[in-house]
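Geometric and topological summary
The chain contents come next:
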Amino acid sequence: MTCTEFLALLDDLIDDAVTAETRAELQQHLGRCGHCEVILNTTRKTIEIYRSHEIYDLPAGLRERLHAAIMARCKKGC
Amino acid sequence: MSTIQPIAGELEPHPDVALVDRVRAGDVSAYDTLVRKYDRQIFRIAQHITQNREDAEDVMQDAFLKAYQKLGQFQGNSKFYTWLVRIAVNESLMRLRKRRTGKMVSIDEDVETEEGSVPRDLADWAPDPEQNYKQAELAEILRKTIQGLPQGFRIVFVLRDVEGLSTEETAETLGLSIPAVKSRLLRARLQLRERLSRYFRRKKVPGEARNEK
């Protein structure tokens with residue numbers, strides 16, 4: 001397996017959507033390619049960081065204000 | 001005797017279905033529950049697309065009001081949440097069009113770029129690299145980095161990886177084919193990785209041998 005072939009399957013590997021056979025081939029490539037290992041690990045980390053950090057917080061005060069506005073209009077039939 | 005367990009999500013109806021039914025029967029308080037359940041996600045998606053806080057506030061209100069008005073059209077063959085996200089994405093794009101008058105705004109924008117399709121920064125990252133930054137600093141780095149992605153990549157990444165929609169749901173929500181979602185997701189992930197490497201790579205690389213292909 002080449003690095004290009006590995007990269008084409010990177011998302012499927014991350015999303016756990018590969019067959020056992022393909023996974024074994026990917027693991028074999030990883031065993032001898034430090035670059036692809038770095039790409040896999042840092043791409044996983046990228047997703048994890050975005051998933052676990054709130055970058056657009058909805059402050060409680062604003063949330064309540066928007067919520068009240070929405071519900072007031074719904075009660076009036078919008 | 002073992003009993004046959006229903007598979008969650010297949011045999012048991014989604015809890016939102018009961019709430020939607022109650023709203024349809026005239027119970028407005030059930031809608032209150034739905035709004036509270038999804039307001040943060042809708043606000044976040046709107047912020048990611050419009051990149052403007054006031055617009056995101058308007059989108060959030062408009063999306064929930066529109067969903068309430070159109071609830072009769074909700075078929076129940078998709079999840080309420082993905083149906084709501086579709087409304088919020090459309091409202092966000094409309095808001096952008098209004099702001100950038102005369103300029104076409106669509107999720108097909110700027111997707112021809114080749115950037116990120118071939119990784120260039122191959123340096124490993126520091127362990128737990130986010131811990132080298134204060135919370136506010138890190139949030140700023142993450143915001144700046146994702147804002148630099150082409151719109152069509154950013155929306156796919158946000159829906160798929162941040163909000164946890166499946167590939168199929170993302171495709172349905174955005175009106176894209178599954179291969180298009182997959183291709184954008186890969187490039188979005190790789191571009192973000194490349195850009196974050198500037199901040200997260202190990203500060204000094206000891207003289208390790210380059211591990212070539």
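To be clear, the structure that these remarks concern was listed above.
Notes on the overall build of chain B
Each helix and strand counted, chain B has 8 helices and 0 strands in total. Going from the N terminus to the C terminus, chain B shows its helices and strands as α-α-α-α-α-α-α-α. Taking all 213 residues of chain B together, the buried fraction comes to 38%. Sequence-distant contacts in chain B: of pairs separated by 6 or more residues, those separated by 24 or more amount to 70%.

Considering the environment of B:Glu57
Residues and elements named next belong to chain B. One can find Glu-57 in helix α3 (residues 53-69). On the basis of neighbour count, Glu-57 is assigned to the partly exposed category, with 19 C-beta atoms found within 10 Å. With 13 residues separating them along the chain, Glu-57 and Arg-44 place their C-alpha atoms 9.9 Å apart.

Side note on unusual backbone geometry
Residue and element names in this part refer to chain B. Unusually for a residue other than glycine, Gln-51 sits at a positive phi of about 55°. As for its placement among the helices and strands, Gln-51 is situated in the loop between α2 (28-50) and α3. Of note, Asp-128 is a non-glycine position whose phi angle comes to about 45°, a positive value.

Structural notes on helix α4 (residues 34-52) of chain A
If you check α4(A), its first and last C-alpha atoms are 27 Å apart, about what 19 residues at 1.5 Å a residue would give, namely 27 Å. Buried-residue contacts for α4(A) involve α1 (3-8), α2 (10-14) and α3 (20-32) of chain A together with α5 (135-147) and α8 (178-200) of chain B.

Focus: the interface of chain B and chain A
Much of the literature gives interface size as the accessible area that the parts lose upon coming together. Each partner contributes residues to the interface: chain B has 38 residues there, and chain A has 31 residues. Mapped onto the side of chain B that touches chain A, the elements with two or more residues apiece are α2, α3, α5, α6 (151-162) and α8 of chain B. In terms of residue class, the side of chain B that touches chain A is built from 20 nonpolar, 5 polar and 13 charged.

Some thoughts on the nonpolar core
B:Ile42, B:Ala46, B:Met60, B:Leu84 and B:Ala88 are the most contacted members of the largest nonpolar core, which totals 54 residues. At 9 residues, α2(B) tops the list of elements feeding residues into this core. Lining this core are residues from two domains, each supplying at least three of them: domain 1 (15-99) and domain 2 (129-200) of chain B. Discounting chain neighbours no more than four positions away, the residues touching B:Met60 are A:Leu66, B:Asp39, B:Ile42, B:Phe43 and B:Ala46.

Overview of α8(B)
With 23 residues, α8(B) ought to run about 33 Å at 1.5 Å a step, and its terminal C-alpha atoms sit 31 Å apart, in line with that. With respect to burial, α8(B) is a largely interior element, 17 of its 23 residues being buried.

Some remarks on the packing of helix α5 (residues 60-75) of chain A against α3(B)
Contact geometry for α5(A) and α3(B): axes closest at 10 Å, N-to-C directions at 30°. Overall, the two elements α5(A) and α3(B) adopt an arrangement that is roughly parallel. At the point where α5(A) passes α3(B), the crossing takes the right-handed sense. Residue-level inspection shows A:Leu66, A:Ala69, A:Ile70, A:Arg73 and A:Cys74 of α5(A) in contact with α3(B), the latter providing B:Glu57, B:Met60, B:Gln61, B:Phe64, B:Leu65 and B:Tyr68. When its residues are assigned to classes, the contact of α5(A) with α3(B) shows 8 nonpolar, 1 polar and 2 charged.

Conventions used here
Residues numbered from 1 in each chain as written. Chains lettered and ligands numbered in written order. Predicted model: local features only at pLDDT ≥ 70, side-chain atom pairs only at ≥ 80, totals over all residues. Helix = DSSP H or I, 4+ residues; strand = E, 2+ residues; numbered from the N terminus. Buried ≥ 20, exposed ≤ 12 C-beta atoms within 10 Å, placed from the backbone. Contact = placed C-beta atoms within 7 Å. Expected span 1.5 Å × (residues − 1). Nonpolar A, V, L, I, M, F, W, Y, C, P; charged D, E, K, R; others polar. Core = buried A, V, L, I, M, F, W, Y, C linked by C-beta atoms within 7 Å. Domains from an automatic or database assignment. Axes fitted to C-alpha atoms, helices over the stretch in contact; angles between N-to-C directions. Parallel < 35°, antiparallel > 145°, perpendicular 65-115°, else oblique. Left-handed = near helix turned anticlockwise from the far one by under 90°.

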